[in-house]
Amino acid sequence: MEIVGKIIAALPEISGVSASSGKAWKKREYVLETMETYPKKVFFNFWGERADQYPLNVGEVVRLSFDINSREYNGRWYVDISGWKAEPADAAQAGVPPTPPVAQSFGPAPQMPGGYSAPAAAPAPPAVDLAPSPTDDLPF
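Student: Looking at this model, I keep getting lost on the overall build of the protein. Mind explaining?
Tutor: Broken down by element type, the protein carries 1 helix and 6 strands. When the helices and strands of the protein are listed from N to C terminus, the series reads β-β-β-β-α-β-β. Every one of the 140 residues in the protein was classed for burial, and the buried ones make up 21%. Contacts in the protein between residues far apart in sequence, at least 24 positions, make up 51% of those at least 6 positions apart.

Student: Just checking my understanding: could you explain the pattern of salt bridges for this structure?
Tutor: Any two side chains of opposite charge can pair, so long as their charged atoms come close to each other. Within the structure shown, the criterion is met by 6 salt bridges. Two residues, D52 and K26, come together in a salt bridge whose shortest N-O distance is 2.3 Å. With a gap of 26 residues between them, D52 in helix α1 (residues 49–53) and K26 in strand β3 (residues 24–34) connect regions that are remote in the sequence. The partly exposed category is assigned to D52, whose relative accessible area is 46%. Two residues, E33 and K41, come together in a salt bridge whose shortest N-O distance is 3.3 Å.

Student: Got a minute to help me understand unusual backbone geometry in this structure?
Tutor: Note: most peptide bonds trans; most residues except glycine with negative phi. Despite not being glycine, N74 has its phi angle at roughly 50 degrees, a positive value. The topology assignment puts N74 in the loop between β5 (61–73) and β6 (76–88).

Student: It is not clear to me how the packing of aromatic side chains should be interpreted in this structure. Could you clarify?
Tutor: By convention here, two paired aromatic rings are described through the distance between centres and the angle between planes. For the structure on display, the rule yields 5 aromatic pairs. Taking the centre distance of 5.8 Å and the plane angle of 90 degrees together, the rings of F44 and F46 count as edge-to-face. You'll find F44 and F46 in the same group, each marked buried. A connected cluster of aromatic rings, assembled from ring pairs, spans Y30, F44, F46 and Y54.

Student: Is there a simple way to think about the environment of F66 in this case?
Tutor: Looking at where F66 falls in the secondary structure, it is placed in strand β5. Setting aside anything within four residues of it in sequence, one finds F66 in contact with M1, E2, I3, I81, S82, G83 and W84.

Student: What am I meant to see in the environment of T34 here?
Tutor: Relative to the elements of secondary structure, T34 occurs in strand β3. Residue class for T34 comes out buried when judged on its relative accessible area of 5%. Considering only alpha carbons, one finds T34 and I3, 31 residues apart in sequence, at a separation of 7.7 Å. Beyond its immediate chain neighbours, meaning those up to four positions away, T34 contacts I3, V4, G5, P39 and K40.

Thresholds, definitions, all that
- Residues numbered from 1 in each chain as written.
- Predicted model: local features only at pLDDT ≥ 70, side-chain atom pairs only at ≥ 80, totals over all residues.
- Heavy atoms only, no water.
- Helix = DSSP H or I, 4+ residues; strand = E, 2+ residues; numbered from the N terminus.
- Buried < 20%, exposed > 50% of the residue type's maximum accessible area, 1.4 Å probe, protein only.
- Contact = heavy atoms within 4.5 Å.
- Salt bridge = Lys/Arg side-chain N within 4 Å of Asp/Glu carboxyl O.
- Phe/Tyr/Trp six-rings, centres within 6.5 Å; stacked < 30°, edge-to-face > 60°.

Keep in mind these values describe shape, not function.
Right, here's the structure in full:
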């Protein structure tokens, strides 16, 4: 899958040693914000050598290729977005709408053709008597 957006957070690198295999591991986590009408924030990470291969900086606009993984642990499900490639994206590719064209001025409207008449004046509203009548039993 792919998404385009601006990096708004670059978290510190996390590293450790696997308890089962004894191998060292590391990951970098980022937050990307899409550039749509209603922007969405996407938290993702790069594991292992990809953490060094794709160093991203806050403010960069990138096209991120990623996989979504889900796993169950103690009856709860967790979702992980793992990036596998990031490349610069220019504004045209980023889904930014182009600048709208400037509206043209056409001048005053032309006169109506001879077959049409001007609209009639609106009738006067009927007179309303606001004084209570003796038969009115409503309290308001």
